[in-house]
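# Survey of secondary and tertiary structure
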Amino acid sequence: MKTVVPDYYNDFRCLAGDCRHSCCIGWEIDIDQDTLDYYNTITGPFGNRLKNSISCEGGTPHFCMDSHGRCAFLNEKGLCDIMLELGFDKVSQICDDHPRFRNFYSDRTEIGLGLSCEAVAMQILTKQDKTQLIVLEEDDELLWEDEEDFLVLRDEIFAILQDRTQPVWARVEKMLAHCDVQPLQLTPCQQVQLFSSLERLDPVRDRLLSQLENATPDMLKWENEDEFSIPFEQLLVYFAFRHLTESLDDGRLAGRLHYMAQSYRLIRNLCAVHCNNAGSFSIGDMAEICRIYSAETEYSPDNMDTLFDKFENM
Ligand code: SF4
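The rules behind the values
- Residues numbered from 1 in each chain as written.
- Predicted model: local features only at pLDDT ≥ 70, side-chain atom pairs only at ≥ 80, totals over all residues.
- Heavy atoms only, no water.
- Domains from an automatic or database assignment.
- Helix = DSSP H or I, 4+ residues; strand = E, 2+ residues; numbered from the N terminus.
- Buried < 20%, exposed > 50% of the residue type's maximum accessible area, 1.4 Å probe, protein only.
- Contact = heavy atoms within 4.5 Å.
- 1 Å grid on protein atoms, 1.4 Å probe; cavity = no way out; pocket = protein on both sides within 12 Å on 5 of 7 lines; lining within 4 Å.
- Points joined across faces, edges and corners; volume = space filled by probe spheres on them.
- Nonpolar A, V, L, I, M, F, W, Y, C, P; charged D, E, K, R; others polar.
- Axes fitted to C-alpha atoms, helices over the stretch in contact; angles between N-to-C directions.
- Parallel < 35°, antiparallel > 145°, perpendicular 65-115°, else oblique.
- Left-handed = near helix turned anticlockwise from the far one by under 90°.

What follows concerns the domain arrangement of the protein. Domains assigned within the protein are domain 1 (24–97) and domain 2 (142–312). Once you take the C-alpha centre of each, domain 1 and domain 2 turn out to be 34 Å apart.

Attention now goes to the environment of L257. In this fold, L257 is placed in helix 12 (residues 253–278). Given the relative accessible area of 0%, L257 is considered buried. Beyond its immediate sequence surroundings of up to four residues, L257 is in contact with I157, M175, L176, C179, V181 and L244.

All right, on to empty space enclosed by the protein then. Going through the model one piece at a time under the given rule, you end up with 2 cavities of 30 Å³ or more. Of the voids in this model, the largest cavity is the one considered here, and its volume is about 90 Å³. As for the largest cavity, its lining consists of F195, L198, R205, L208, L209, L266, L270, I289, I292, Y293, E296 and T297. Elements that contribute at least two residues to the lining of the largest cavity include exactly helix 9 (204–213), helix 12 and helix 13 (283–297). Among the residues making up the lining of the largest cavity, the classes are represented as 9 nonpolar, 1 polar and 2 charged. There is about 50 Å³ of room inside the second largest cavity. Forming the walls of the second largest cavity are P6, Y8, I124, T131, L133, F158, Q234, V237, Y238 and F241.

Helix-helix packing: each pair is described by the crossing angle between the helix axes and the interaxial distance. Their axes nearest at 10 Å, the elements helix 10 (residues 229–243) and helix 12 cross at an angle of 150°. Relative to helix 12, the element helix 10 is oriented roughly antiparallel. For the crossing formed where helix 10 meets helix 12, the hand is right-handed. For the pair formed by helix 10 and helix 12, the contact residues are F232, L235, L236, F239, A240 and H243 on the first element and R256, Y259, M260, S263, Y264, I267, R268 and C271 on the second.

Next comes the structure, spelled out in structure tokens:
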């Protein structure tokens, strides 16, 4: 089985104690059975701590959180006590994996880095050269015909999105036209209504959306927009790599392309309003907006399904 990753994949480094939005805060972190079995063999004070800090409420074993949503093993320096006490390879599968995501084909696995991690957001958005896919593990590859066809189409989409002779909005329009998908023209207010109707994970999302809801048309003009063409290109290629493959299973290619286009437009508008409100705008500001957006949509299967449903029925 061949393993394919984006060319920035091997450069990822977790910020650990320097992370401002640790993935060990605010999520219920599940524990896989093998890891749980191992934890049950640990004795002594740390064994007791493990037993007292794991809950099976709801059916799936997970780490308890404190009243601030911090994992019971995240210490005051922002480091993981399980890693420090038992070793880096002794964490739950989900901790070991994050922020990676995987897409599976019959004879290929693709692995990417998720944008809800602030280190990944900066890594992807500050990349200057065009993102390419590289082979991490070489092997013979025997794919189904529809998978081969899909990979050809996705290469064409990548080429459209990476055509730097065109403004980004035109590349998005061209991508939709290339796939015979009619563009959706949502006003900023409609964008806010749509995304506000989703399950909310972090109240900061509502503060972000309310800025857009109250924006005048002038606030949507963005003088320095061209300076952010490459970050938006990287964002769109990331969305394509992450979300289009699953259309092979669910047939929702149009919904996924709309998700890409509408995500681009919403994030672009949020960036414009932020820039006009603050009087300046940095790549760090854009990364923060993308990080919040990713956590609110990509990490909620229910929210993604809702969006695909709505886009397909507009
Ligand atoms: S969010 Fe990313 S940088 Fe922060 S702790 Fe998690 S993996 Fe590390």
